[in-house]
Structure formats: C-alpha cells, structure tokens
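Each chain, written out:
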Amino acid sequence: MNTALEDNTEQIIDLAAQVGRTLQAKGWFLSTAESCTGGGVSQAITEIAGSSEWFDCGFVTYSNASKTELLDIPEAEIAQHGTVSEEIAAAMAEGALANSNADVTVSTTGIAGPGGAVPGKPVGTVCFGWSVGHRTHTERLVFSGDRRAVREQTVIHALQGLLRFLNAS
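Residues numbered from 1 in each chain as written. Predicted model: local features only at pLDDT ≥ 70, side-chain atom pairs only at ≥ 80, totals over all residues. Heavy atoms only, no water.

*Asks:* Would you take a moment to explain the pattern of salt bridges for this structure?
*Replies:* In a structure, side chains of opposite charge can pair up when their charged atoms sit close to one another. Inspection of the entire model under this criterion finds 2 salt bridges. Here Glu139 and Arg164 are joined by a salt bridge, their closest N and O atoms 3.9 Å apart. Taken together, the residues Glu139 in strand β5 (residues 135–142) and Arg164 in helix α6 (residues 147–168) connect sequence positions 25 residues apart. Among the residues examined, Arg164 registers a relative accessible area of 44% and is labelled partly exposed. Salt-bridge contacts for Arg148 lead to Glu152; the nearest nitrogen and oxygen are separated by 3.6 Å. With Arg148 and Glu152 both in helix α6, this residue pair falls 4 residues apart, about one helical turn. (Salt bridge = Lys/Arg side-chain N within 4 Å of Asp/Glu carboxyl O. Helix = DSSP H or I, 4+ residues; strand = E, 2+ residues; numbered from the N terminus. Buried < 20%, exposed > 50% of the residue type's maximum accessible area, 1.4 Å probe, protein only.)

Next comes the structure, spelled out in structure tokens:
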C-alpha cells in the first residue's frame, strides 16, 4: 500500500468536508471547471455524504473545444493565452459560474505530464481560478512528481484555495 496516497486521500476528503461545511453555512452552491484534474475535484466533493445540498455540477472540459462550447471561452482567448494560463483559469471559473446554478466556482488547467511541456510551462504547471459574483482570483503553481502526484496536489490546492476564498467572501 502507498502510505503517501492514503495520507493524500484522507487530506482530500477532510478538505472537501470543510468546503461542504463552509458552503452549507453560507447557503451557497459550488460548481467546478476542470481540465488537468479530469473531475478529481468534483469526485472529492461528491465523496462527502450530503454534498447534493451544496454541490451543483462539474464541467470536465479537457479539450479546447469543450472549453469554448461549455464555458463560453472564445477560441481567440485560448489561442492568445494558451490553455494553461491564469487568464484561461479565470475564464473557466467565470464560465462555470455563468453556466450553472452555483454561487462559487473553482477551476483547474495544467500540464500533469509526463509530456505536454512547452517553453515557460514545464510539466507540473497548473493554473487555478476561483470565482464568486464579480470577483475572480487566480494562481499559477508548479508541482513536482509524476502525473498522479501532480493531479493529487492540484486537487488539494484547489480545495485549500476554495476554503481561503470562501472565508474571505
């Protein structure tokens, strides 16, 4: 058994439960827009019993076409900034907010590896977006490890950031 993975799973579930309690206290619903995590944030959220009381939906927009079709991100914006950028993470979070019944959203877009690196964006580069109302916050981080490690770290950071964002709202 992989002890680190078990530790991450416990941490992810704990963070998701904290997010749920915070959303429930505010009477808010969450939506996700995920690329590199492939629904991992939504999966963590829905591991929590009763999450239907505070989780609206998740968009897994892995392709650029799905980002355009489901989240209303113009192709020109993707071409200008690149899929893995804070601008697209912001647009994903805002698109999820506009296309759901959620009050707050979180987005992830990145390069989990092992391939896909481009100049200035190594494997492990992930951009995040959190949006509520007319306020959006973004971050860009570079994680280390294999594909699975990058995706797990991304889910953890997305949930941690969501808690910080909710507590500041």
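Anyway, onward from the coordinates.
*Asks:* It is not clear to me how the sheet that holds strand β1 (residues 30–34) should be interpreted in this structure. Could you clarify?
*Replies:* Hydrogen bonds between backbone atoms are what pair the strands of a sheet, whose relative direction is either parallel or antiparallel. Taken in spatial order, the 5 strands line up as β2-β1-β3-β4-β5 in an open sheet, and their pairing is mixed. At either end of the open sheet lies a strand with only one pairing partner, and these are β2 (55–60) and β5. Neighbour to neighbour, the strand axes of the sheet diverge by 10 degrees on average, direction disregarded. Relative to β5, strand β4 (residues 125–132) runs antiparallel, the two sharing 8 bridges. In the sheet register, Thr125 faces β5, and the bridge partner there is Val142. (Pairing = 2+ DSSP bridges. Axes fitted to C-alpha atoms, helices over the stretch in contact; angles between N-to-C directions.)

*Asks:* Any chance you could explain unusual backbone geometry here in plain terms?
*Replies:* When glycine is set aside, most residues are seen to have a negative phi, and most peptide bonds are trans. The omega torsion of the bond from Gly113 to Pro114 falls at 5 degrees, within 30 degrees of zero and hence cis. In this fold, Pro114 is placed in the loop between β3 (104–110) and β4. Here the phi dihedral of Asp72 falls at roughly 60 degrees; this positive angle occurs in a residue that is not glycine.

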